[in-house]
Amino acid sequence: MNARTITHAQLAALVTDLVAAGTAVTAPARAADGRLDYRHVARLEDAVLGGGLPRLSLKALFLPPTEPLFSFRLSGPDVAIDSVPTSFPPHVVLGAVPCDAAGVQALDKVMDWDYRDELWFGRREATTIVSVACSSRDEACFCGATGGGPTATRGADLLLVPLEGGFAVEVVTPKGEAFVAVHEERFGSAPNEADVARSRATLTGSRVEPVAPLAPVTAWLADHFEDPLWADVALRCHGCGACASVCPTCHCFDIVDEPEGVTHGTRRRNWDTCQAGRFTLHASGHNPRADQHVRFRQRVMHKFSIYPARFGELLCTGCGRCSRACPGGMDLPEVLRTIAERAAAPAGGAA
Amino acid sequence: MNLYEPYLARVTELVDETPDTRTLRLAFQEPELARTFDFKAGQFGEYTAFGAGECTFCIASSPTRTGYIECSFKTVGKATTALRALNVGDTMGFRGPYGNHFPLERMEGSSLVFIAGGIGLAPVRSVIWNALDLRDRFKNVTIVYGARSVSDLVYKRELAEWAARPDVTLRQTVDPGGETADWTGDVGFVPAIVEKAAPSAANAYAIVCGPPVMIKYTLPVLTKLGFAADRIYTTLENRMKCGIGKCGRCNIGPVYVCKDGPVFTAEEMAKLPQEF
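Remember, predicted model here, so these are calculated numbers, not experimental data.

### Digging into the overall build of chain A
Alright, step 1. Summing up its helical and strand segments, chain A has 12 helices and 13 strands in all.
Alright, step 2. In terms of C-alpha radius of gyration, chain A reaches 22 Å, essentially the compact-globule figure of 20 Å for 351 residues.
Alright, step 3. Its C-alpha atoms put chain A at 70 × 65 × 40 Å along the principal axes.
Alright, step 4. By residue count, 44% of the 351 residues in chain A fall in the buried class.
Alright, step 5. The contacts of chain A with a sequence gap of at least 6 include a subset with a gap of at least 24, amounting to 71%.

Structure (structure tokens):
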């Protein structure tokens, strides 16, 4: 699909157009404490494009931390259910970080595995994701190891690559193409390819990925469910679940009823985490994952072994948020490096 | 309507099986659904007590008995306490049927050996009635059922019915100390009674359900009797929320109990990581 350009002024006008037409625009923006969050913006000036990783990932836009599944009304022996809508108003995400857009696409698989989650896909279909090439990295980043990168387009409908005075617009999906067509007057002609190549090279040239290729890690995990390594690497894990809450791909949830008085209530889906001790606790008191290190193993297995085995892709985009958020100093890239070393070691181990 | 919305059903009958175990019979309120609802023995569902939440149980009735489904549960937590508070005529919710099933179609022409402990009889009962309602398609039917004590035996009326049938061999047992003065069944743990009953493994399938410790000690007995690991079926239970492979709770390694199970052969179980 043909690349286009957009100047800062055109992009500002586009945001104004969208908001005026009633389309919500979500972009990385500064919160009062100075940190970046994906928030609704009314004008381009409020958005921070290419300014780094927002505090929480894009996941919350499609799988909210808490959302109603339906409401119910009780009247004597009778119950009436009030459904929630499964179609959503149009929404544009402007300035998604590539690793976050990739996370959303990775989750499409589990959300459409025989049973199609209408709430997830209702939001997915209503939303156009415009990623912006990433120009910030820190020592926790490892997107390159997961198949991503500063200009990766996975999960994006459009990708903006910075140019002097604006951006080159890479059209990734038919949805992105349709979006450009609707807002044709806000886009310029094709960019100069040499300029785009130079910009891309600047963004990717400085990357040093801290993790070895992950294929051997996935292979090792497949037959090392039981291994002394797990107890070792998880010693600092408190089981708080901060990693899961900031993760673009952790999607485990709980389903609970919230009574509203005696006769009304709402069933809600809330984020949950496999790192919590009660996550797998049976009513009988039996807990298949009674120790913290087996819960940590579950997180690593799910991302790098179970999900690839079931769905053909990693459940990790290398954003590094888990390492940054961990109060115990757990570092997923370090764990992956340790596993990669084990995988590379000759059979028979330490000797 | 979305995936997580339950069907509404009315409680049409309740039976107290033991002091803490109750069976509910549910009839779907939507007439078309009540007419067309179908499932296979071994499948499970999410049962709602509105305001308290959902819990996961197998469907305890047989697919051959249409117009209703049944569940049997022990009162343990919040949702089961609320389910127990329901009376005949009250509304509850059901999502399902989910998961795989006991492949009864594959067992036609064979003998069936049912082994259950405690409330583990619930999923087995679904298969037993399914098979008994199609009795001429199966050879010998043997049932070994045990509980901690006589008062812990569930489905007592049906046990009496099976005991009276000439085409069913029933061995009932209670744990030592759990017998009453008028108890005429065996006294001893289920694995030992299976060994004593010694059902023939020739052209037979075994269906085993009960507490983990019962399953653990019954499998070697079945092996000794000559049952191949791919002819022994059981069900696994793990905590579930969605029941449809999304909430990430019931995995045992790469296996999703809600979608790959809940029915597994002993052969499949042996390959699972020890995390259940």
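### A short note on the overall build of chain B
Alright, step 1. Counting its secondary structure elements, chain B contains 9 helices and 15 strands.
Alright, step 2. Radius of gyration (C-alpha) of chain B: 18 Å, near the 19 Å computed for a compact globule of 276 residues.
Alright, step 3. Counting only C-alpha atoms, chain B reaches 50 × 45 × 35 Å along its principal axes.
Alright, step 4. Looking at chain B residue by residue over its 276 residues, the buried ones come to 52%.

### Quick look at the domain arrangement of chain A
Residues and elements named next belong to chain A.
Alright, step 1. The assigned domain composition of chain A is domain 1 (4-205) and domain 2 (215-344).
Alright, step 2. Distance from the C-alpha centre of domain 1 to the C-alpha centre of domain 2: 25 Å.
Alright, step 3. If you look at the interface, domain 1 gives 33 residues, while domain 2 gives 27 residues.
Alright, step 4. The set of elements that each furnish at least two residues to the side of domain 1 that touches domain 2 consists of β4 (66-75) and α3 (98-110).
Alright, step 5. For the side of domain 1 that touches domain 2, the per-class residue count stands at 20 nonpolar, 8 polar and 5 charged.

### Observations regarding the domain arrangement of chain B
Residue and element names in this part refer to chain B.
Alright, step 1. Segmenting chain B into domains produces domain 1 (7-98) and domain 2 (108-235).
Alright, step 2. Computed over C-alpha atoms only, the centres of domain 1 and domain 2 are separated by 24 Å.
Alright, step 3. At the junction of the two partners, domain 1 supplies 16 residues and domain 2 supplies 14 residues.
Alright, step 4. Taken together, the elements giving at least two residues each to the side of domain 1 that touches domain 2 come down to β1 (7-18) and β5 (69-74).

### Some thoughts on the interface of chain B and chain A
Alright, step 1. With 32 residues of chain B in contact, the opposing surface of chain A contributes 43 residues.
Alright, step 2. Counted by class, the side of chain B that touches chain A contains 13 nonpolar, 11 polar and 8 charged residues.

### Topic: unusual backbone geometry
Most peptide bonds adopt trans geometry, and most residues besides glycine take a negative phi value.
Residue and element names in this part refer to chain B.
Alright, step 1. Geometrically, the link from G96 to P97 is a cis peptide bond, its omega value of -5° lying close to zero.
Alright, step 2. Residue placement: P97 occurs in strand β6 (residues 91-98).
Alright, step 3. Between G261 and P262 the backbone carries a cis peptide bond, its omega angle lying at 10°.
Alright, step 4. Structurally, P262 can be placed in the loop between α8 (257-260) and β15 (263-265).

### Overview of the sheet that holds strand β2 (residues 24-30) of chain A
Residue and element names in this part refer to chain A.
Alright, step 1. Spatial ordering of the open sheet is given by β1-β11-β10-β9-β6-β2-β3, a layout of 7 strands whose pairing is mixed. Single-partner strands in this sheet number two, and they are β1 (4-7) and β3 (36-40). Averaged over all pairs of adjacent strands, the angle between strand axes in this sheet comes to 25°, irrespective of strand direction.
Alright, step 2. Across 3 bridges, the pairing between strand β9 (residues 127-132) and strand β10 (residues 158-163) is parallel. Looking at the pairing, V130 lines up with L158 of β10.
Alright, step 3. Most of the contacts of helix α1 (residues 8-20) go to β1, to which it runs at about 85°, and overall it touches β1, β2, β6 (91-96) and β11 (166-171).

### Description of helix α4 (residues 121-132) of chain B
Residues and elements named next belong to chain B.
Alright, step 1. Between the first and last C-alpha of α4 there are 15 Å, a value that for 12 residues agrees with the 16 Å anticipated at 1.5 Å per step.
Alright, step 2. Of all 12 residues that make up α4, 10 are buried, and the element is covered over most of its length.
Alright, step 3. Buried residues of α4: L121, A122, P123, V124, R125, S126, V127, I128, N130 and A131, and no others.

### Structural notes on the environment of A198(B)
Alright, step 1. Its location among the elements puts A198(B) in the loop between α6 (190-197) and β11 (204-209).
Alright, step 2. When the 12 C-beta atoms within 10 Å are taken as the criterion, A198(B) is described as exposed.

### Re the environment of A3(A)
All names here are of chain A.
Alright, step 1. Assignment of secondary structure puts A3 in the segment before β1.
Alright, step 2. The class for A3 is partly exposed, based on 16 C-beta atoms found within 10 Å.
Alright, step 3. Linking A3 and A21, residues 18 residues apart in sequence, is a C-alpha distance of 25 Å.
Alright, step 4. Once residues lying within four places of it in the same chain are set aside, the contact partners of A3 are A168, V169, E170, V171, A190 and P191.

### Some remarks on the packing of α6(B) against helix α7 (residues 212-225) of chain B
When two helices pack together, their arrangement is captured by the angle between the axes and the distance separating the axes.
All names here are of chain B.
Alright, step 1. α7 packs onto α6 with a crossing angle of 20° between their chain directions and a minimal axis gap of 8 Å. Between α6 and α7, the angle falls in the class roughly parallel. Crossing geometry of α6 relative to α7 is assigned as right-handed. The residues of α7 that touch α6, namely those facing V190, P191, V194 and E195, are M214, Y217, T218 and V221.

### A closer look at the sheet that holds β5(B)
All names here are of chain B.
Alright, step 1. With antiparallel pairing, the 6 strands of this open sheet are ordered in space as β4-β3-β6-β1-β2-β5. With partners counted over all chains shown, the strands left at the sheet margins are β4 (53-58) and β5, one partner each. Strand-to-strand, the axes of this sheet are offset by a mean angle of 40°, without reference to chain direction.
Alright, step 2. Here strand β3 (residues 44-49) pairs with β4 via 6 bridges, running antiparallel. Counted as the bridge partner of G45 is F57 from β4.

### A few points about the nonpolar core
Alright, step 1. Counting 175 residues, the largest nonpolar core has A206(B) and I207(B) as its most contacted members.
Alright, step 2. For this core, the leading source of residues is helix α10 (residues 292-311) of chain A, giving 7 residues.
Alright, step 3. Setting aside anything within four residues of it in sequence, one finds A206(B) in contact with V113(B), I115(B), L222(B), F227(B), R231(B) and I232(B).

### Concerning the packing of helix α7 (residues 215-222) of chain A against helix α12 (residues 332-344) of chain A
Residues and elements named next belong to chain A.
Alright, step 1. The interhelical angle for the contact between α7 and α12, taken along N-to-C directions, is 75°, at an axis separation of 9 Å. Classed by the angle they form, the pair α7 and α12 counts as roughly perpendicular. Between α7, through P216, V217, A219 and W220, and α12, the contact on the second element is made entirely by L336, I339, A340, R342, A343 and A344.
Alright, step 2. Tallied by class, the residues present in the contact of α7 with α12 amount to 9 nonpolar, no polar and 1 charged.

Conventions adopted
- Residues numbered from 1 in each chain as written.
- Chains lettered and ligands numbered in written order.
- Predicted model: local features only at pLDDT ≥ 70, side-chain atom pairs only at ≥ 80, totals over all residues.
- Helix = DSSP H or I, 4+ residues; strand = E, 2+ residues; numbered from the N terminus.
- Rg over C-alpha atoms; globule rule 2.2 N^0.38 Å.
- Buried ≥ 20, exposed ≤ 12 C-beta atoms within 10 Å, placed from the backbone.
- Contact = placed C-beta atoms within 7 Å.
- Domains from an automatic or database assignment.
- Nonpolar A, V, L, I, M, F, W, Y, C, P; charged D, E, K, R; others polar.
- Pairing = 2+ DSSP bridges.
- Axes fitted to C-alpha atoms, helices over the stretch in contact; angles between N-to-C directions.
- Expected span 1.5 Å × (residues − 1).
- Parallel < 35°, antiparallel > 145°, perpendicular 65-115°, else oblique.
- Left-handed = near helix turned anticlockwise from the far one by under 90°.
- Core = buried A, V, L, I, M, F, W, Y, C linked by C-beta atoms within 7 Å.

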